Structure formats: structure tokens, C-alpha cells
Amino acid sequence: MRIRMPYKLTKKNILEAMSKGKRLDGRGLLEHRPIEVRFGVSKNAESSVIVKWGKTEVACGIKMGLQEPYTGHESEGTMTTSVELLPLSSPNFEYGQPSIEAVEIARVIDRGIRESRFIDFEKLCIKEGEKVWSIYIDIATINDDGNLIDAGALAAVLALRTARFPVLDEETGKIDYGNFTDKALPLVNENMPLTTTCYKIGNHIFIDPAREEEDVADARLTIEIFKPESQKVEMITAMQKGGEMPLSIEEAEKMVSEATKMFKKLNILVEEELDKAKKDTKKKKKE
Amino acid sequence: MTEKHGKKELVIPGEIIATGDEFLPGDWTLKQGNDIISSRYGVVEKQDRLIKIIPISGVYIPRSGNTVIGEIKDLTNAGWVIDIGGPYQAFLPLRECPGFVEESEMENIYGIGDLILTQVLNVKRTSVDLTMKMRERGFGKIREGSVIRVNPHRVPRVIGKEGSMVSLIKNASNCMITVGQNGLIWIQGNNIDEQIYAEKAIQFIVENITTEGLTEKAEKWLADNKPKITKEKKE
Amino acid sequence: MTKDEKSLYTKRSDGRAFDSIREISAKVGVVPNADGSAIFAQGDTIAIASVYGPKTHHPKNQQNPEKGVIRVHYGMLSFSVTERIKPGVSRRSQEINQVTEWALSNVVMLEELPGTVIDVHINILQANAGTRCAGINAAAMALAHAGIPMKEMVSAVAIGKMDKTIVSDVTKEEEDMEEGEGATDIPMAFLSHSEKITLLQLDGRIQVDRFGEALEAGKKACKKIFEIQKKALKEAE
């Protein structure tokens, strides 16, 4: 059960705390909750990961398939991102067609990965015009305590980094599901996008909201950043403003600046977690 | 009550808690043949010959006279529809407000989204009636402070014997704390830091409900976590 | 023990004894938003369940004024299996919703909660056979954790017959077996105290005089599972 409900009074409490530079859980406005990562939640997937930001928990799995390439992209593989806001994870989610919230999160995460050119789609081509690999990024929520976009985006990127091709039967031309190779996906690691959504309530800008903070926020700006070696500064690869209230130019620029700071932290976190995962796999292989 | 490593033992539905005629089955127990079985997840309590379960989770079951905090959900021409938790709707009839209230004035008194401190008048099969005809201070609209939610079955532990636990927290945090029997708790502090401190203290109690010596542990937590009061930032 | 001198299945693919269940890990409180929740991992099958309710059943015309109603929603995550499942409802999941609801609703004391609904959500994170059983095990724990009044606990297991051998807690590899009489899958659920059956399905072929043996194996396995469910609930706080 949730401790803090989105009462009118809660918004008042949040604003009062923020005017003192605090959140109701004691954090600073630009402080994120502890992030936990656990790989391999489903052995049947090409890769899978569970990411926790505080109490928010999302799972992401990568599955691969084969298909005909799209017209105009005859030598490129394809990618589909889907987000399931599981009713398991919140009393506010319902069954049925994906809600606009789910669709928006999926599309925003998809854009960042696609536009940064993190995946080398040409290397997913098996036979030009006939057969290409398709990547499915499936995100499902386990507990919603706010900031699903950033949690989902981080999970997607971690899952892609640890994914391996399934075995392709040369004779039948079909995938031997459940059997995996050691071959990683064709990724350009320096183009890896990391996402930070900045929120605004009143005049206060903050990141990583808990659910009750996200419920009363006036506006948000999702910013996806990557840093290729050829560039001196970080690059923005996708952006999305959400919420009814407008942002001033200064606010938008401040948010980009905060997202850039978070990018550096997340970058370090990603490499640390991948390192740990590699060591764990080596240990398991020895056992 | 058996105690394991400083914690009270929990029983689960279907678990045999007594056999034979030594005890009589009380709240949340079932007699099956020679056995008395628990029908809830909770702690066993024995009172003379009666054995019963004190649940540690589950919905709020309203009782007449309970002080509760509710959120106004809707207005009808007969009164206010209120969410007090639990599965059933609660209603505050116009006639249960002190003085005469015009239908047109209702919104000004309690509007949708307002939180009120009120009392359960009577409990019907699938609905609850509330009343505001209490004379005590504090009842009515909640304008200041914060309201958090805990499982209503843990409220007695938050209050403590004769209010000892909640007084402990009040004194340490300089906050006024009003505990609704439905698990909603109203905290009013002089500043946000002490308010957050009181909220966290309550959460500590709620998360350690089966721990033995909880009072000492709470005292230690309060001492270890005393907040620094921050001044208001000049914007 | 089974008298299977002529059975082709003499050794289990993972080396377990015929009446051994896979290693289980279970925990409650894994979904903080929910009124009750649990995760139940049985070998490589992982089910997570959360319970919301009892709450007023809307719309009003669907309410049962005499007793509460349980709604079960079972779903497998797209990446829980080797070949991706498109998100959405399937006929299989609809059937599992129904049998799970029947398995659980007779122990929940719904007469105490007229006009209400209890939503039970089950999702499979990783599948290696016995998914509906793992789901029931998780759901029963989540219901107890949520403080729903229940007469007893429910424990479920998939019993199998591999050629002529009765085994407890089948794996996917065993389900796919084709030698001799092939694999027969018998998911079942037992009540913890009265030992009555609340789930029983069969997929395959079994002689009528072997059926009792399968039930006994199920009863024994479910007793072990009940102990694990009990332990997880007791260690929660």
C-alpha cells in the first residue's frame, strides 16, 4: 500500500519542502534514489534485466526474431520497443489496449536508442531485401513509484548491452529458440543514450520523482544524451516535453544541464554494473 | 505467544493454533474438528480461555465511534461522499454537521479533494455513515501539516499502550500527531524537517511491528535520526 | 515410490528423485504498491503475484450483494519464454484465469466481504513448466499477505507421467518427452488443512488405475510446498 497519496495537501507539502531544497523523503531536488540492477531474470530471453530506482521496479527483456526488411531499408534490421504498465504494479493501471502513458514511454525510449545510432542496424542484415534480424525491447513494470521513463530507458540500454544472438539454424534458416550464441548485438557503445527526465513544480526543478511527486508535477522534459568520442560535448538525441504547464527558456536549459550531469553519473553506473555482470558470469561458468 | 529472535511469531491462514478444549475460538479463528485454525495472517493472542488472531494486514473495518481521516470524493444533495479506506463507501450526511448547512454552501465547507478529521457514526452492511457533531478541537477540515497512510491494523502499535508510543514521537519531533483508526495519520509540525522526522519515525514503527522491545528501539531511532532544521531558502 | 520396471523413464533429466520438487525460493512484499504480494520461484519458473482489495466492485450492477468476488488475471511476460509472446490476452491465459479463480475463491471467506472485488494479478517472469501452479502458489501467499480472510492455504504442483513413471514437478524438458507413452501433464492444487483438491487438469494419457498414484504424489508435493509458503510468510516481518 502506498504511504503517500496524491491529496491536494500533498502538493502543498511537496512545494513547502522544495522551497527548503528538500523532498518529502529527505532527498535533495537533484538527488536520485538508489539504483539497483539485476541481470538474467529470464534465462529464456536473449537478455533480461531488472532495474530499481528506489521502490520503482521495471523489468526489460530482449527477444530477437527474423523478418523481411522494410521498404527503403532493405539492408537494415528492425527494432520494436513496447512498454507494459502491468496492473500488478499499480492500482492505477488497467488491462486492455496500451494506454497513452505506455505508448508515450515506449516511443520516447525507442527514439533515443534509434536516433543516437546505438544499434548498427546494417549489421543486422542477413540477406538484403529478404531477411533481417528484428530486436524486440519489452519493458514491464513491477512496481510504480514514479520515474518509469528513466527506469525503463536505463533497463533497455542495459539489456541491449548484455544481449546475445540466438542460434540461427543454417539449414532451416530459422532461429533455434532457447539456444544462444556468445555473439553480442552490433552496438556502438559510445552512442549509448542515457535518459534523464527533469520535472517542474512551481518554480522548482527536480529529478527522479516518487509517484506522488510525478502526479502533481506541472511539466517535465525527458532528455536523452550520449557522448561519441568525436564530439567535445555531450549530444542530445531525443527530447520530449510533457505536462500542461509551459517551460521558460532558462528552465529548459537548466534541465538540459542537469540531464548532462546525470548522464555522467549514469554512464559510470552502467559500466560498473556491466563489469559486475561479466565477473558474475565468469564465476558461474567456473562452478 | 512464542518469540523467535526477538520477534513475535506470525501465523498464517490454515495454521493450527490450538487443539482440544483448552481454548475457545475468538476473532479470525475457525473450529475444524478438534483444531482451532487461524483465518488471518497475524499474531496469536490469548485472553483467559479465548484465543484469537490480531491481523497485521488487511482492510480497515470501521467501528462506531472510530476517529478517521477521509478524503472528500463527491457531493450529493444529501451530503458528502468520503473515502476512508476499506472496501465500503462512507457518507457524511448534511444533518450530521453542526448547525444548518445550505446545499449551496456545501462546497465551501468541504470541497472535493479536501481531507477531514471525522468520526464513524454507524456501520451498515455495505456502507458507513460519518458524523461531525463532536465538540473536540481538531475535527473538521485539515488545512495544515501532512497526512500519511499506514495499514490500519498497525495503528494500535503506533499509538501504543495508553498512547505511549505516539507520545514518544510527538515529544521528540515537537509535532501534533492525530492517528485515524483507518490508518491515515495527520502530522502537524512547526517546520518541514520535524514533520518529515515524525513521518519517518511512524514508518519505522510500522515496519518493525513484530519486533520485541520496540519501544527501546524506537527511542534509539529517534535519538539517532534527530533532524537539523534548515532555514527557508530565499528564492 | 512407483513400480515402473517397464518404464522407459528411469532417470530424470535434471537428476532429481521422482518425487522431488525443484528448489523453491519464495518471498512476500515484493510489490510495495500492492495490498499483498509474493514472488514464487520453483526451479526456473518464476511467478509474481499481487493483490489489490477488497474494494468496492464497480460497476454496481456487477456487484454480488451476498459475497465478494475474486478476479484473476494471469499473464506471461513476452520474454519469459524462448519464443516471444506478443503482449495481450490469449485463450490459454483466459482459461488459466478461470481455473485459478476457482482454485482460490473457495478458500477466501468472500461472505465476509459482500459487494467487493479482490483483484489478483499473476505474471510469469520466467517459464519452465508448471507456470499456472507457480502462479497459484504466489497468489495464495499474496492473498494471505494482503490480510484477506482465508480458511486454508492453497498449494499447487504439476505432476507428470513420463512414459510409465509418475514424477513430481515437471520441467519443460520433461513436458516435451515423446518416448513410449510420452509425457502427461497433471497440474493440481490442494488445500493445506482439509487436503481437498481445488485445481485438477490433465493433458496427455494415463491409465485409470494409475490416477490415484498421481493424486497421492501431488498431495505429498503440495505439503512440502505449503511449508515453504508458510515459512516465507512467517519470515516477512
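Definitions and limits used
Residues numbered from 1 in each chain as written. Chains lettered and ligands numbered in written order. Predicted model: local features only at pLDDT ≥ 70, side-chain atom pairs only at ≥ 80, totals over all residues. Helix = DSSP H or I, 4+ residues; strand = E, 2+ residues; numbered from the N terminus. Buried ≥ 20, exposed ≤ 12 C-beta atoms within 10 Å, placed from the backbone. Contact = placed C-beta atoms within 7 Å. Rg over C-alpha atoms; globule rule 2.2 N^0.38 Å. Nonpolar A, V, L, I, M, F, W, Y, C, P; charged D, E, K, R; others polar. Domains from an automatic or database assignment. Core = buried A, V, L, I, M, F, W, Y, C linked by C-beta atoms within 7 Å. Pairing = 2+ DSSP bridges. Axes fitted to C-alpha atoms, helices over the stretch in contact; angles between N-to-C directions. Parallel < 35°, antiparallel > 145°, perpendicular 65-115°, else oblique. Right-handed = clockwise from strand over helix to strand, strands pointing away. Left-handed = near helix turned anticlockwise from the far one by under 90°.

1. Here's the deal with the overall build of chain B
Part 1 of the argument: Within chain B one finds five helices and 18 strands.
Part 2 of the argument: Reported as C-alpha extents along the three principal axes, the dimensions of chain B are approximately 60 × 50 × 25 Å.
Part 3 of the argument: Evaluated residue by residue, chain B yields a buried proportion of 40% over its 235 residues.
Part 4 of the argument: For chain B, the proportion of contacts with a sequence separation of at least 24, taken over those separated by at least 6, is 59%.

2. Some words on the overall build of chain C
Part 1 of the argument: What chain C contains, in helices and strands, is four helices and nine strands.
Part 2 of the argument: Reading chain C from its N terminus to its C terminus gives the helix and strand order β-β-β-β-α-β-α-β-β-α-β-β-α.
Part 3 of the argument: Relative to the compact-globule value of 18 Å for 237 residues, chain C shows a C-alpha radius of gyration of 18 Å, a close match.
Part 4 of the argument: If you line up chain C on its principal axes, its C-alpha atoms span 60 × 40 × 35 Å.
Part 5 of the argument: For chain C, long-range pairs separated by at least 24 residues make up 71% of all intrachain contacts whose partners lie at least 6 apart in sequence.

3. Let's talk about the interface of chain C and chain A
Part 1 of the argument: Tallying the contact residues gives 23 residues for chain C and 31 residues for chain A.
Part 2 of the argument: It is strand β5 (residues 116-126) of chain C that provides the largest number of residues to the side of chain C that touches chain A, a total of four residues.
Part 3 of the argument: Tallied by class, residues from the side of chain C that touches chain A come to 10 nonpolar, nine polar and four charged.

4. Notes on the domain arrangement of chain B
All names here are of chain B.
Part 1 of the argument: Taken domain by domain, chain B holds domain 1 (3-55), domain 2 (67-141) and domain 3 (146-224).
Part 2 of the argument: For domain 1 and domain 3, the distance between their C-alpha centroids amounts to 28 Å.
Part 3 of the argument: The interface is formed by seven residues belonging to domain 1 together with five residues belonging to domain 3.
Part 4 of the argument: The residue makeup of the side of domain 1 that touches domain 3, split by class, is three nonpolar, one polar and three charged.

5. Points about the interface of chain A and chain B
Put simply, an interface is often sized by how much accessible area is lost when its parts join up.
Part 1 of the argument: Chain A puts 18 residues into the contact, and the matching count from chain B is 17 residues.
Part 2 of the argument: Classifying every residue of the side of chain A that touches chain B gives seven nonpolar, five polar and six charged.

6. Side note on the nonpolar core
Part 1 of the argument: A155 and A156 of chain A together with L104, V120, A138, M141 and L143 of chain C are the most contacted members of the largest nonpolar core, which has 205 residues in total.
Part 2 of the argument: It is helix α3 (residues 148-162) of chain A that provides the largest number of residues to this core, a total of 11 residues.

7. Here's the deal with the sheet that holds β5 of chain C
Residues and elements named next belong to chain C.
Part 1 of the argument: If you trace the five strands from one edge of the open sheet to the other, you get β1-β2-β3-β5-β4, paired in mixed fashion. For this open sheet the edge positions go to β1 (24-28) and β4 (69-76), each flanked by a neighbour on one side alone. Neighbour to neighbour, the strand axes of the sheet diverge by 15° on average, direction disregarded.
Part 2 of the argument: Lying over the sheet, helix α1 (residues 91-105) contacts β4 and β5, oriented at roughly 140° with respect to β4.
Part 3 of the argument: Strands β1, β2 (36-42), β3 (45-56), β4 and β5 of the sheet are contacted by helix α2 (residues 131-145), whose axis makes an angle of about 150° with β2.

8. Focus on the sheet that holds strand β8 (residues 183-191) of chain C
Residue and element names in this part refer to chain C.
Part 1 of the argument: Across the sheet, four strands lie side by side as β7-β6-β8-β9; this open sheet has antiparallel pairing. Both edges of this open sheet fall to β7 (165-168) and β9 (197-200), since each of them pairs with a single strand only. For this sheet, the mean inter-axis angle between neighbouring strands, taken without regard to orientation, is 25°.
Part 2 of the argument: Of the strands in this sheet, β6 (154-162), β8 and β9 touch α1, which is tilted by about 170° from β9.
Part 3 of the argument: Packing of helix α4 (residues 211-234) onto the sheet brings it into contact with β6, β7 and β8, and relative to β6 it is tilted by some 140°.

9. Structural notes on the environment of A221 of chain C
Residue and element names in this part refer to chain C.
Part 1 of the argument: Along the chain, A221 turns up in helix α4.
Part 2 of the argument: Counting along the chain gives 64 residues from A221 to V157, while the straight-line C-alpha distance between them is 6.9 Å.
Part 3 of the argument: What A221 contacts, discounting residues up to four positions off in sequence, is I21, V157, S168 and D169.

10. Here's the deal with the packing of helix α3 (residues 164-173) of chain B against helix α5 (residues 214-224) of chain B
Residue and element names in this part refer to chain B.
Part 1 of the argument: Relative orientation of the contacting elements α3 and α5 amounts to 10°, with a least axis distance of 11 Å. It follows from the interaxial angle that α3 and α5 lie roughly parallel. Contacts between α3 and α5 involve M165, L168 and A172 on the former and, on the latter, T215, A218, E219 and L222.

11. A few points about the pairing of β5 of chain C
Residues and elements named next belong to chain C.
Part 1 of the argument: The element β5 is extensively covered by neighbouring structure, given that 11 of its 11 residues are classed as buried.
Part 2 of the argument: In terms of strand pairing, β3 meets β5 through nine bridges, oriented antiparallel. What sits directly across from A49, in β5, is I122.
Part 3 of the argument: Looking at chain direction, β4 and β5 are connected through eight bridges and run parallel. Counterpart to I70 in the pairing with β5 is I118.
Part 4 of the argument: With α1 bridging β4 and the parallel β5, this β-α-β connection has left-handed handedness.

12. Focus on the packing of α1 of chain C against α2 of chain C
Residues and elements named next belong to chain C.
Part 1 of the argument: Direction vectors running N to C along α1 and α2 enclose 45°, while the axes themselves pass 11 Å from each other. One way to sum up the angle between α1 and α2 is to call them oblique. Handedness of the crossing formed by α1 with α2: right-handed. Contacts between α1 and α2 involve I96, T100, A103 and L104 on the former and, on the latter, R132, G135, I136, A139, A140 and L143.
Part 2 of the argument: Class assignment of the residues belonging to the contact of α1 with α2 gives a composition of seven nonpolar, two polar and one charged.

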